[in-house]
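As a plain string of letters, each chain reads:
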Amino acid sequence: MASQEWLEKDFYAMLGVPQDASKKDIERAYRKLARELHPDHNPEPTAEERFKGVSEAYSVLHDDKARAEYDQIQLMKTGRGGFGGMHGGGGGVNFEDLFGNPASSGGFSDLFGDLFSRGSGGAHRRRSGAQRGNDLRTHITLDFADAVKGTTADIRMRAPGECETCHGSGAKPGTAPSTCTRCGGRGLVTENQGAFSFAQPCPECEGTGTVVADPCADCGGTGATTRDRVITVRVPAGIGDGQSIRLAGRGAPGERGGPAGDLLVKVAVRSHPLFARDGDNLTLRLPVAFPEAAMGAKVKVPTLDGPVTLKIPESTPTGRVLRVKGRGVPGKGDLLVTIDVEVPQGLSAEAREALEKYAAAAPAADRSKLEELTGQ
Ligand code: ZN
Ligand code: ZN
């Protein structure tokens, strides 16, 4: 029986859906998060753990019977003064423990921590009315060199954002939201039913603790407008094709005092005619003439920061990889040069003559292994 575990987990917050979310909403939220966190696609080290948590939340909330049972357990907790009575740092469940402490980045606290830390006076109070804004998605295409070295890019997108007129308060400029008189700003009203007292979101202010008497005309009091936005993204050096950058709090604004969602920027990287990537290293094929490979040579090699001279040692076979230190992803990678010994095409009479002389003097190719192993 999972009740003890269930008591301590907020599956709704894990999926970022309200408690009255429909089955469809739950499905949609799960699919989105699962796609985002799947360990095959998400290189972040915490992704797998989060993926598991989200999967568990979904398996419970998607099953009508399990969800009813879970809701019942959560209700008991509210009755005990858990959720509802948790202001002022009183006892109950410690969300910091559940979602990872703030020092360990990348846990659920990054995604959902704000849900629990909002509220007046820094109290850890869960407001059922507050809803985290949706995550938004967009994509950018980067040049090969920009992806290697890192860059900043401006993204233009039409998306919901904080209303610029009222700065998200929803109140007409010059006015301010006032404290809800019904709940005194708590956002919760308590109902006594027998032995239990149930804390409910305040119906007057929908759990926000404030009411807007004079709504902003531009956003109709919602605090959000959809408009053309320009968002500057800092792209870290070494980002790979298909990876995503998460901009926390740059997604759609939250509702009823909830935190904004995140903006996920999927990165595509254009290929380069010469260079390719191998993790943090760059790779390059270098054509080398047979005499250079046989006798050794110094060859000019291009890099993303101008040419370098590469020393090819005597007797370098084709396929050997030579390393040019520090010419890959800055501070992380090298340039790996694969030697490609060329066979001369269209020999001149002079070259042929020289090659015949060479052939007479050179040792024959060593094919003894072939004979030895096959007897042919
Ligand atoms: Zn507004
Ligand atoms: Zn209220």
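Novice: Is there a simple way to explain the overall build of the protein in this structure?
Specialist: The secondary structure content of the protein amounts to 11 helices and 15 strands. Residues classed as buried in the protein amount to 38% of the 376 residues present. The long-range fraction of contacts in the protein, counting pairs at least 24 apart against all pairs at least 6 apart in sequence, stands at 63%. As displayed, the protein has an accessible area near 21400 Å², and 50% of this comes from carbon and sulfur atoms.

Novice: What exactly am I supposed to notice about the coordination of the zinc ion (ligand 1) here?
Specialist: Working reference: metal with six octahedral donors, ideal angles 90 or 180 degrees; metal with four tetrahedral donors, ideal angle 109.5 degrees. Protein coordination of the zinc ion (ligand 1) is provided by Cys163 (SG), Cys166 (SG), Cys216 (SG) and Cys219 (SG), with donor distances spanning 2.3 Å. Viewed at the metal, the 4 donor atoms of the zinc ion (ligand 1) are separated by angles of 103 to 117°, and the geometry they form is tetrahedral. Take Cys219: its relative accessible area is 9%, and that puts it in the buried class.

Novice: Hey, could you run me through a nonpolar patch on the surface in this one?
Specialist: Taken together, the side chains of Phe290, Leu347, Leu355 and Tyr358 present a nonpolar region at the surface, about 340 Å² in accessible area. Among the structural elements, Tyr358 can be located in helix α10 (residues 349–361).

Novice: Before we go on, may I ask you to explain the coordination of the zinc ion (ligand 2) in this structure?
Specialist: Coordination of the zinc ion (ligand 2) by the protein is provided by Cys180 (SG), Cys183 (SG), Cys202 (SG) and Cys205 (SG), with metal-donor distances spanning 2.3 Å. Every donor counted, the 4 donor atoms about the zinc ion (ligand 2) form angles of 103 to 115° at the centre, which fits tetrahedral coordination. Read in sequence order, the donor residues coordinating the zinc ion (ligand 2) give the pattern C-x2-C-x18-C-x2-C. For Cys205, a relative accessible area of 5% translates into the label buried.

Novice: I'm lost on the sheet that holds strand β9 (residues 263–269) in this one. Help?
Specialist: Hydrogen bonding along the main chain pairs the strands of a sheet, whether they run parallel or antiparallel. The mixed open sheet is built from 3 strands, whose spatial order is β1-β9-β8. Of all the strands in the sheet, the pair left with one neighbour each is β1 (136–142) and β8 (244–247). For this sheet, the mean angle separating the axes of adjacent strands, direction not counted, is 25°. Sheet topology places β1 next to β9; 7 bridges connect them, and they run parallel. Of the residues in β9, the one forming a bridge with Thr141 is Ala268.

Novice: I tried to follow the nonpolar core on my own but got confused; where do I start?
Specialist: Nonpolar side chains tend to gather and get buried jointly when the protein is soluble and globular. In this structure, Ile140, Ile245, Val265, Leu286, Val301 and Leu335 are the most contacted members of the largest nonpolar core, which totals 40 residues. Once residues within four sequence positions are removed from consideration, Val301 is found in contact with Leu284, Leu286, Pro307, Val308, Leu310, Leu335 and Val337. Counting residues in hydrophobic clusters, the runner-up holds 23 residues, among them Val17, Leu33, Val54 and Ala66.

Novice: Mind showing me how you'd approach the sheet that holds strand β11 (residues 281–289) here?
Specialist: The 4 strands lie next to each other as β10-β11-β15-β14, forming an open sheet whose pairing is mixed. Two strands bound the open sheet, and with one partner strand each, they are β10 (276–278) and β14 (321–324). Taking each pair of neighbouring strands and ignoring which way they run, the sheet shows an average axis angle of 40°.

Novice: Is there a simple way to explain the side chain of Thr208 in this structure?
Specialist: Mapped onto the fold, Thr208 is located in the loop between β5 (196–201) and β6 (210–211). Judged by its relative accessible area of 16%, Thr208 falls in the buried class. From its side chain, Thr208 meets the backbone oxygen of Thr210 in a polar contact 2.9 Å long.

Novice: Before we go on, may I ask you to explain the packing of aromatic side chains in this structure?
Specialist: Given two aromatic rings, their pairing is described by the distance between the two centres and the angle made by the two planes. Considering all chains together, one arrives at 4 aromatic pairs under this definition. Ring plane angle 10° and centroid distance 3.9 Å describe the contact between Tyr30 and Tyr58, whose orientation is recorded as stacked. Residue Tyr30 is found in helix α3 (residues 23–37), and its partner Tyr58 is found in helix α4 (residues 47–61); the two are separated by 28 residues along the sequence. Across the pair, Tyr58 and Tyr30 agree in class, each one buried. Ring centres of Phe290 and Tyr358 lie 6.0 Å apart, and the angle between their planes is 65°; this geometry places the pair in the edge-to-face category. On the criterion of sequence distance, the pair formed by Phe290 in helix α9 (residues 290–295) and Tyr358 in helix α10 is long-range, its members being 68 residues apart. Connected via pairs of aromatic rings, a cluster forms that spans Phe11, Tyr12 and Tyr70.

Reading guide: rules and limits
Residues numbered from 1 in each chain as written. Chains lettered and ligands numbered in written order. Predicted model: local features only at pLDDT ≥ 70, side-chain atom pairs only at ≥ 80, totals over all residues. Heavy atoms only, no water. Helix = DSSP H or I, 4+ residues; strand = E, 2+ residues; numbered from the N terminus. Buried < 20%, exposed > 50% of the residue type's maximum accessible area, 1.4 Å probe, protein only. Contact = heavy atoms within 4.5 Å. Areas by Shrake-Rupley, 256 points an atom, 1.4 Å probe, with all protein chains shown as cover. Donors = N, O, S within 2.8 Å, 3.2 Å for Na, K, Ca; no water. Tetrahedral: all angles 85-135°; square planar, octahedral: opposite > 155°, others 65-115°. Patch = residues over 30% accessible without salt bridge, like charges linked within 9 Å, V, L, I, M, F, W, Y side chains within 5 Å. Salt bridge = Lys/Arg side-chain N within 4 Å of Asp/Glu carboxyl O. Pairing = 2+ DSSP bridges. Axes fitted to C-alpha atoms, helices over the stretch in contact; angles between N-to-C directions. Core = buried A, V, L, I, M, F, W, Y, C linked by side-chain atoms within 4.5 Å. Polar contact = N/O pair within 3.5 Å; in protein donor to acceptor, adjacent residues only side chain to side chain. Phe/Tyr/Trp six-rings, centres within 6.5 Å; stacked < 30°, edge-to-face > 60°.

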